[in-house]
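These are the residues of each chain, in order.
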Amino acid sequence: MEEDAFRAFFERHHAELARFAWLLIGERGAAEDIAADAMLAVWRQWDQARRARSQIAYARGIVANLAKTRIRGAVRERRRNTLFWQRPGETDDGPDTAAVLDVRQALARLPLRRRACVVLRHSLELSERETAEALGVSVGTVKSQTSKGLADLRRLLGPQGSQATLRNEVER
């Protein structure tokens, strides 16, 4: 009985969770891994997930946390590699700010919480309340982080970063 309920949940939401993870981290293979790991975590905590007000919000929260952990690990690895290969006295100039950025690259530059709010609100079309529930934050935090995230995207994308362009690209 429980297994059937979870199987139905999995079939209904796995693709959405994988897309959410992909929008957060930008790597298809890693996103599939995160979605699978999140589903495994939901299965292990199925009693708790079933008691949650929203099972999908519960699962989205797990995906967001797993993505955050993956991103932090990647950042630490890049820092270690940079330090290893850097010659004494040599400095890292950072990213090439003159490069043309598309929306996915710009999203990748946003802090995780802002990115998650923008993706959940504008790509998955969740309400502010649903987004807050998925991320375990207040509705006010969702409003401010979404607003700041969209402003950051406009700044990163320059004149071509109109609202319509942002919305179309984020929904892809």
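Residues numbered from 1 in each chain as written. Predicted model: local features only at pLDDT ≥ 70, side-chain atom pairs only at ≥ 80, totals over all residues. Heavy atoms only, no water.

Q: Describe helix α7 (residues 128–135), with residues and values.
A: Every buried residue of α7 is accounted for by T131, A132 and A134. Each buried residue of α7 lies within a common arc of 165° when the element is viewed along its axis, so the set occupies one face. Note on α7: the residue one or two positions beyond its end, G136, has a positive phi of about 70°. (Buried < 20%, exposed > 50% of the residue type's maximum accessible area, 1.4 Å probe, protein only. Helix = DSSP H or I, 4+ residues; strand = E, 2+ residues; numbered from the N terminus. Arc of directions from axis to C-beta.)

Q: Can you break down the pattern of salt bridges residue by residue, with the values?
A: Taken as a whole and assessed by the stated rule, the structure comprises eight salt bridges. Here D4 and R7 are joined by a salt bridge, their closest N and O atoms 3.3 Å apart. Taken together, the residues D4 and R7, both in helix α1 (residues 2–25) and three residues apart, mark about one turn of the helix. As a salt-bridge pair, E133 and R129 come within 3.4 Å of each other at their nearest N and O atoms. Linking E133 with R129, this pair stays in helix α7, spanning four residues, or about one helical turn. Since its relative accessible area comes to 24%, E133 is described here as partly exposed. Look at the salt bridges and you will find they share partners, linking E3, D4 and R7 into a network. (Salt bridge = Lys/Arg side-chain N within 4 Å of Asp/Glu carboxyl O.)

Everything listed is a geometric property; what it means functionally is a separate question.
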